[in-house]
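Residues per chain are reported as follows:
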Amino acid sequence: NPALTEPAQKYGKTPAQVTLRWHVQQGIAAAPKSAHPQRQQQNLDIFDFELTDAEIERINSLDTGKHARQDSESFGH
Ligand SMILES: NC(=O)c1ccc[n+]([C@@H]2O[C@H](COP(=O)([O-])OP(=O)(O)OC[C@H]3O[C@@H](n4cnc5c(N)ncnc54)[C@H](OP(=O)(O)O)[C@@H]3O)[C@@H](O)[C@H]2O)c1
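Residues numbered from 1 in each chain as written. Predicted model: local features only at pLDDT ≥ 70, side-chain atom pairs only at ≥ 80, totals over all residues. Heavy atoms only, no water.

**Student:** Can you help me understand the overall build of the protein chain in this one?
**Tutor:** Looking only at helices and strands, the protein chain features five helices and zero strands. Along the protein chain, from the amino end to the carboxyl end, the secondary structure elements read α-α-α-α-α. Counting across all 77 residues of the protein chain, residues that qualify as buried make up 25%. Put simply, of all contacts in the protein chain between residues at least 6 apart along the chain, 68% involve residues at least 24 apart. Accessible area for the protein chain stands at about 5800 Å²; split by element, carbon and sulfur atoms hold 51% of it. Seen as two clouds, the 8 positive and the 10 negative side-chain charges of the protein chain have centres 8 Å apart. (Helix = DSSP H or I, 4+ residues; strand = E, 2+ residues; numbered from the N terminus. Buried < 20%, exposed > 50% of the residue type's maximum accessible area, 1.4 Å probe, protein only. Contact = heavy atoms within 4.5 Å. Areas by Shrake-Rupley, 256 points an atom, 1.4 Å probe, with all protein chains shown as cover. Lys, Arg positive; Asp, Glu negative; His and termini not counted. Charge placed at Lys NZ, Arg CZ, Asp CG, Glu CD.)

What follows is the structure, encoded as structure tokens:
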């Protein structure tokens, strides 16, 4: 999605790193898991750039309110 790929290109990061940065900047705990060392390193390398408020809002706007899986907020934790 351009909301992720455009900031990724701008900051020289991957869309996955933009997604993790979106979490961190809002104080949301993320638990990334990867079987690949290169991706594990990428998932830690998210503290040298900062998304703008507009970029955060653009990613927030991707929320359609529809859940692809069960929503733990209503189904239970
Ligand atoms: N899901 C749950 O309900 C749940 C509950 C409690 C605890 N946890 C824990 O939370 C952690 C994550 O769980 P999960 O269910 O989210 O894991 P998952 O869906 O099994 O794995 C995460 C996926 O993201 C991919 N990925 C990770 N880093 C990436 C990157 N930088 N670029 C592209 N793809 C990337 C991984 O691919 P590759 O491995 O091929 O890189 C993998 O396919 C685990 O330690 C799990 O034990 C999960």
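**Student:** What am I meant to see in the pattern of salt bridges here?
**Tutor:** Any two side chains of opposite charge can pair, given that their charged atoms come close. Per the counting criterion, the structure on display carries four salt bridges. Of the charged contacts in the structure, one is a salt bridge between E55 and K10, with a shortest N-O distance of 2.9 Å. With E55 in helix α4 (residues 53-60) and K10 in helix α1 (residues 2-11), this pair connects stretches of sequence that are 45 residues apart. Linked through salt bridges whose partners overlap, the residues forming this network are K13, D45 and D48. (Salt bridge = Lys/Arg side-chain N within 4 Å of Asp/Glu carboxyl O.)

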